[in-house]
Structure formats: C-alpha cells, structure tokens
Amino acid sequence: MSNIPPLDLKRQYQAIGADVSAAVLEVLASGAYIGGPIVQNFEQQFATYVGTTACVGCNSGTDALYLALRAMNIGAGDEVITTPFTFIATAETISGVGAKPVFVDIDLATFNLDLSQLAAAITPRTKAIMPVHLFGNPVDMTELMSIATQHHLTVIEDCAQATGAKWQGKPVGSIGHFGCFSFFPTKNLGACGDGGAITLNDARLAADLQMFREHGSRQRYYHEAIGVNSRLDAIQAAILRVKLPHLDLWNQQRSAVATRYQQLLANIPGIITPQVTSGGESAWNQYTIRVVAPTGTDAAAHRDRVRASLQEAGVISMIYYPLPLHLQAVYQDLGYPVGSFPNTERVSHEVLSLPMFPELTFEEQQRVVYALKDAIDTCR
Ligand SMILES: *Cc1c(COP(=O)(O)O)cnc(C)c1O
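On a predicted model such as this, the values are computed, not experimentally measured, just so you know. (Residues numbered from 1 in each chain as written. Predicted model: local features only at pLDDT ≥ 70, side-chain atom pairs only at ≥ 80, totals over all residues. Heavy atoms only, no water.)

## Digging into the domain arrangement of the chain
Under the domain assignment used here, the chain contains domain 1 (9-246) and domain 2 (247-379). Look at where the C-alpha atoms of domain 1 and domain 2 centre, and you get two points 25 Å apart. Taken residue by residue, the interface counts 48 residues in domain 1 and 42 residues in domain 2. Buried area between domain 1 and domain 2, summed over both chains or domains, comes out near 3,800 Å², and the portion from carbon and sulfur atoms is 58%. Looking only at domain 1, the three residues that lose the most surface to domain 2 are Arg11, Leu108 and Phe135, adding up to 19% of its buried area. Scanning the region where domain 1 abuts domain 2 turns up one salt bridge. A salt bridge links Arg11 to Glu364, with the shortest nitrogen-to-oxygen separation between them at 2.7 Å. Here domain 1 is connected to domain 2 by 30 residue pairs in polar contact (both at pLDDT 80 or more). (Domains from an automatic or database assignment. Contact = heavy atoms within 4.5 Å. Buried area = accessible area lost by both parts, 1.4 Å probe. Salt bridge = Lys/Arg side-chain N within 4 Å of Asp/Glu carboxyl O. Polar contact = N/O pair within 3.5 Å; in protein donor to acceptor, adjacent residues only side chain to side chain.)

## Considerations on the site of the ligand
Surveying the vicinity of the ligand reveals 15 residues, the closest of which are Gly61, Thr62, Asp158, Ser182 and Lys187. In this structure, Thr62 approaches the ligand through a side-chain N or O atom, which is 2.5 Å from an oxygen atom. Here an oxygen atom of the ligand and a side-chain polar atom of Ser182 are 2.6 Å apart. A majority-of-atoms criterion places the ligand in the largest pocket. Breaking the shell around the ligand down by element, the ones donating at least two residues are α3 (61-71) and α4 (88-96). (Near = heavy atom within 4 Å. 1 Å grid on protein atoms, 1.4 Å probe; cavity = no way out; pocket = protein on both sides within 12 Å on 5 of 7 lines; lining within 4 Å. Sits in = over half its atoms within 2 Å of the grid points. Helix = DSSP H or I, 4+ residues; strand = E, 2+ residues; numbered from the N terminus.)

## Some words on the sheet that holds strand β13 (residues 280-281)
Strand order in this open sheet of three strands is β7-β6-β13, and the pairing throughout is antiparallel. Since the sheet does not close on itself, it has two edges, and those belong to β7 (170-171) and β13, each with one partner. Strand direction decides the pairing type here: strand β6 (residues 166-167) and β7, joined by two bridges, are antiparallel. When the bridges of β7 are listed, Lys166 appears paired with Pro171. (Pairing = 2+ DSSP bridges.)

## A few points about helix α6 (residues 203-213)
Count 3.6 residues to each turn of an α-helix, and residues three or four apart come out pointing the same way. Within α6 the residues assigned to the buried category are Leu205, Ala206, Asp208, Leu209, Met211, Phe212 and Arg213. Put simply, Asp202 is the residue that caps the front of α6, since its side-chain oxygen is 3.0 Å from the backbone nitrogen of Arg204. Of the residues trailing α6, His215 is marked for its positive phi of about 60°. (Buried < 20%, exposed > 50% of the residue type's maximum accessible area, 1.4 Å probe, protein only.)

## Section: the packing of aromatic side chains
A full pass over the atoms with the stated rule returns 16 aromatic pairs. Arranged with centres 6.5 Å apart and planes meeting at 85°, the rings of Phe103 and Phe341 form a pair that is edge-to-face. With a gap of 238 residues between them, Phe103 in strand β3 (residues 100-103) and Phe341 in the loop between α9 (299-312) and α10 (342-350) connect regions that are remote in the sequence. Both residues of the pair, Phe103 and Phe341, count as buried. Among the aromatic side chains, those forming a connected cluster through ring pairs are Phe42, Phe46, Tyr49, Phe181 and Phe183. (Phe/Tyr/Trp six-rings, centres within 6.5 Å; stacked < 30°, edge-to-face > 60°.)

So this is what it looks like as structure tokens:
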C-alpha cells in the first residue's frame, strides 16, 4: 500500500492541469512576464474575493508582512505584538524592519493568541499587532480590533494559512488594516512557485505598498525610499486566476475532511482534536491534533514515537512547530527563558498535523485513523 502524504499537490493538478497549463502558455506567448494586465486582473479578483477595495501582489507571504510594516513606517524602536507559535516569517519580518517582536502566549484550545493577555503586553512603543490565523483557524477579530482601536494600534493579519477563512461571516484579511496572504504551493490557494498579496481598504496605503515593492519608486528611475524588488510574476498570477474560482469548493472539501476526522477521532483517549474559534470558519490548512503523553513520560518523545509508528503504517504526519519562536537560537537576544509561554511550549511538544487536503479520500482517512489508534495503543 502506498504512503498517505500530508498533502498531494499532484491530485489538484490532475483535476485542473489543462486549464493551468493553458494559462501559463498564454503568458509565455504574450511577452508580458512582469506586471501587466493579468497581474492587475488577479489583484482585482482577489480583492473582490476577500472583500477589500485594494490588493497589492508581491513575491511571497513573507514580503506581504514586510511591506505592510514598511508602509506603516514601523522600524527601530517600535514593538509589534505577535504569537510565538507560528512560522518564523511572522516574527522575522518584524525584526527585518528593525522593530522588536513582543510575544504573547496562545490559547490551548485554538492555538491562536490568547487575547486576554494582549493588553498587558502593550507599551508606549507598541505600534502594531500581528495576529496569525494559525492552521486556517481565525482569531477572534472582534475582540482583537476592539483592543487595537482602544490603543490606536495597526492590525496586520497574517492570513498565510487562512485564505478563505471567515470571522463572523467576513473573510479574514478584510477586518484588520492589512491582510497578508501567501500563495506558497502548500497554502489553500497555492501558486506553482512563490507569491503573496496584501489586501486593504486604503488607496493611499496601497500606492505606498506598490512603491515599496518596486524599489521605493512611484515613477520609474525616481526613488523616494529604500524598497525591495517584490512583484507577483505574471505566470503565477495567471495560475492563481485559474485556481481562485475553485477555492471555496476546495475549502468546503477540507472542512468535510475535518468533520470526518472529528467524528472518527472523537473517542480516542490520549489525543485532543482541534477546536475552531467560536464565531469563526476555519480554512483548515492543517488538521492538527495534540497527542497527550501518559503522566510521567516525556511529552515530545511520546509524540515522536506516535509519529514514527504512523510512518511505519504509511501515514506521513508533520510537526508544526517543534520549537516556539521565543526559544529559537536567533531570538535568544529577546531574553525569553524556557517557561515564558507555557501553553505554546506545551503544545509544541504535543502537536501532530495529520494528512489534510481537499482530495483526501474517506478510505485514506480511515487508514489514518486506524494507524493512529494503533500507534496510541503501542506507545503506552
Ligand atoms: C507560509 C507562511 C508565511 C510566509 O509565506 P511565504 O509565502 O512562504 O513567504 C507567513 N506566515 C505564516 C503563518 C505562514 O504559514
């Protein structure tokens, strides 16, 4: 029996590959490879999808976060609050503009920022909050925006894993001041290479974002700021334009996979299934359980044994993320010792992301669940 991968992009290509290839060939024949009407058209369509007035394409989700920070003039001496339980890019961009990431622990149930601890982290230097809709699960944006408004803070949503997720019926990326998206191939809307976008409702800031992504230039060869070269390629925009109309169906299929996992895993002792924020609709980029170790045993070692046992049964799982950002070598200078964020540290020892993609079959899911039950039994 073949392995069940965490994600199989070939199945999506089999379904829509003819349209994707035709769109790529059209760009190749057009001679317009950077910028041009296809990129602009995709930006418009994506803004419409997210429900904002503007969208600025760029080279990656990382650059989307970086450009949003630059557009708000955030830099040396400023602080930006975010979660230590995320991909490095979130905090890396804060450091990249010269500002300081300030971490706040997560809520055990949702894996997202614990908003009850947010206000205590705000100082006179705080300029922005960067919430992450981790694994596709939206942050409570009503509560977050209320705190941000009270303290006059900019909200930059990291929507990299949450394209199509909704908070109280509104797409994420349309609620904060900036929505930052990634089109990395493993994200819900993935290109065939790198890509990203920023959504917003402010034409002046959109023009500033365009200036920063274009070498700090509004008029070619006249430069007003130190910018970057971060454009969305026409080939990637053409591919994304083919895929966007499928996104809602793919997310519904992910949601159906998640619902089946919730049912099949409901009564297995030793695991905790993921919880969607009440009021939110997850995009289910990942289906991440917590494997709880028997008392007196090492949590991470137990989780790793379960993972190895799954792998022997042909089920490939992933660990997002094994080491929280405040404990990374690169962030030792921030001065957060072990124990600073107990929930984050705890889940980093317990999390296991099971195979999750729209095309995953019921039979495959059953195999995952049998293998998991077996793994939990043998790892007691
Ligand atoms: C993927 C990801 C990013 C970065 O996106 P890239 O397109 O890979 O640069 C940022 N934040 C989170 C939470 C991500 O998962």
